[in-house]
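Spelled out from the first residue to the last, the chains are:
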Amino acid sequence: DAEQRAISDLRAHRDLLRTLLVRHLQDPDESHRALASTSSVPAIQLDAPQGPKLSYKQVRKQFLDADVLMFRGSRPISRMLQAGARSSYSHCGLVAWWHRRAMLLHAESACIQAVPLSMALHSYPGEVDWYQIRADVRDPATVLRIIEEAQVNLGLSYAHSDLLRTILNDVAGMELPQDCEEPRALFCSQYVARCFRRADLPLHPQSDIETFPSEIALSPVLKFVGTIVPDLNPAEMRALLDRSRAW
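Every value quoted in this text rests on a predicted model; they were computed, and no experiment measured them. (Residues numbered from 1 in each chain as written. Predicted model: local features only at pLDDT ≥ 70, side-chain atom pairs only at ≥ 80, totals over all residues. Heavy atoms only, no water.)

Visitor: What is the right way to read the overall build of the protein chain from this model?
Guide: Each helix and strand counted, the protein chain has 10 helices and 9 strands in total. Burial statistics for the protein chain: of 247 residues in total, 47% are counted as buried. Nonlocal contacts in the protein chain, meaning residues at least 24 apart in sequence, comprise 73% of its contacts between residues at least 6 apart. Entry remark: accessible area of the protein chain is about 12500 Å², with carbon and sulfur atoms responsible for 55%. (Helix = DSSP H or I, 4+ residues; strand = E, 2+ residues; numbered from the N terminus. Buried < 20%, exposed > 50% of the residue type's maximum accessible area, 1.4 Å probe, protein only. Contact = heavy atoms within 4.5 Å. Areas by Shrake-Rupley, 256 points an atom, 1.4 Å probe, with all protein chains shown as cover.)

What follows is the structure, given as structure tokens:
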């Protein structure tokens, strides 16, 4: 069935990632050549369905708390992960409304942080896909718990070591720890998976630390809406900020 095919395809993604990372450890130059040859092959994009291009200006008010944004980066490290895993995505985060301001809550760079969504989208080097919780599993109490968990974890460090351990688990079978109920650090997809799991709406049966963006995109809990096209000019972004401050 569709679920088993998705699992099989994800395993194939991981096999390719193992090969690429092993080549990188053995010969970085060879890994770059392998990446170039891999990138020339049309992407499977199982986790990034084709859909409408949506103007941020027109759909901004349609965003809901706990919407998930999936990022397709164009930086070298993002492209390497995408090509190696045959996945379109390298990052993810959550949407939350604060004082009429749409915010992006995500684990990025040094820590888990909340930034204005418009600024995050307009400064991102790549494309951003929009996912929402399916209507038949969405309820206000669950959404509130997802956002509360997302807020509680703001300020935690970015889990570089956990991300490395997760990759090594795929490459060499390194054992992963159990999910920590009071973490000191989280990486992006681990953070999103934790928020949903703590709200009793798990995105998939795997542990948070095992979660890559591709698993989130393929979750039966979510539905793909479209690709966001950032189209605000600087004056319009400033106006949004001013209106939110005046609320």
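Visitor: Just to check I follow, could you spell out helix α6 (residues 140-152) for this structure?
Guide: Given 3.6 residues per helical turn, the α-helix brings residues three or four places apart onto the same face. With 13 residues, α6 should cover 18 Å at 1.5 Å per step; its first-to-last C-alpha distance of 18 Å lies within 8% of that length. Along α6, the positions that sit buried rather than exposed are T142, V143, I146, I147, E149 and A150. Seen end-on, α6 carries its buried residues on one side only, within an arc spanning 160°. Opposite the buried face of α6, by more than 90 degrees, sit the exposed residues P140 and V152. Backbone nitrogen of A141 and a side-chain oxygen of the N-cap are separated by 3.1 Å at the start of α6; the cap is D139. (Expected span 1.5 Å × (residues − 1). Arc of directions from axis to C-beta. Polar contact = N/O pair within 3.5 Å; in protein donor to acceptor, adjacent residues only side chain to side chain.)

Visitor: Quick question: what am I supposed to make of the nonpolar core here?
Guide: The nonpolar side chains of a soluble globular protein tend to be buried, and buried together. V68, I133, F196 and L222 are the most contacted members of the largest nonpolar core, which has 36 residues in total. For this core, the elements supplying multiple residues, two or more each, are β2 (68-73), β3 (91-98), β4 (101-108), β6 (126-133), α6, β8 (185-186), α8 (188-198) and α9 (213-217). Broken down by element, the residue count for this core peaks at 5 residues, all from α8. (Core = buried A, V, L, I, M, F, W, Y, C linked by side-chain atoms within 4.5 Å.)

Visitor: Please explain the side chain of D129 as it appears in this structure.
Guide: Within the secondary structure, D129 is located in strand β6. A distance of 2.8 Å separates polar atoms of two side chains, one belonging to D129 and the other to R72. Polar side-chain contacts of D129 include one of 2.6 Å to the side chain of T227.

Visitor: Teacher, can you tell me more about the packing of aromatic side chains here?
Guide: Both the distance between ring centres and the angle between the ring planes are used here to describe each pair of aromatic rings. Enumeration over the complete set of coordinates arrives at 5 aromatic pairs. An angle of 40° between the planes, with centres 6.0 Å apart, marks the rings of Y56 and F63 as tilted. Look at Y56 and you get buried, because its relative accessible area is 1%. Summarising the aromatic geometry, the rings of F71 and Y124 are spaced 4.8 Å apart at their centres and angled 70° between planes, so their arrangement reads as edge-to-face. Remark: Y124 occurs in the loop between α5 (117-123) and β6 and F71 occurs in strand β2; sequence separation between them is 53 residues. The class of F71 is buried, set by a relative accessible area of 2%. (Phe/Tyr/Trp six-rings, centres within 6.5 Å; stacked < 30°, edge-to-face > 60°.)

Visitor: Help me understand the pattern of salt bridges in this model?
Guide: Pairs can form between side chains of opposite charge whenever their charged atoms are close. Going through the model one piece at a time under the given rule, you end up with 8 salt bridges. In this structure, the salt-bridge partner of E127 is R72, at a minimum N-O distance of 3.4 Å. Placement of the pair is E127 in strand β6 and R72 in strand β2, with a sequence separation of 55 residues. For R72, a relative accessible area of 17% gives the class buried. In this structure, the salt-bridge partner of D200 is R145, at a minimum N-O distance of 3.0 Å. A residue pair is termed long-range when its members are at least 10 positions apart, and D200 in the loop between α8 and α9 and R145 in helix α6 qualify at 55 residues. (Salt bridge = Lys/Arg side-chain N within 4 Å of Asp/Glu carboxyl O.)

Visitor: Would you explain the environment of L222 in this entry?
Guide: Here L222 shows up in strand β9 (residues 222-229). Between the C-alpha atoms of L222 and D67, which are 155 residues apart in sequence, the distance is 8.8 Å. Setting aside anything within four residues of it in sequence, one finds L222 in contact with V68, Y131, Q132, I133, R134, F196, L203 and I216.

Visitor: Would you explain the environment of E127 in this entry?
Guide: Its relative accessible area of 34% is what places E127 among the partly exposed residues. Once residues lying within four places of it in the same chain are set aside, the contact partners of E127 are K53, M70, F71, R72 and T227. Within the structure, the side chain of E127 is placed 2.9 Å from the side chain of K53, a separation counted as a polar contact.

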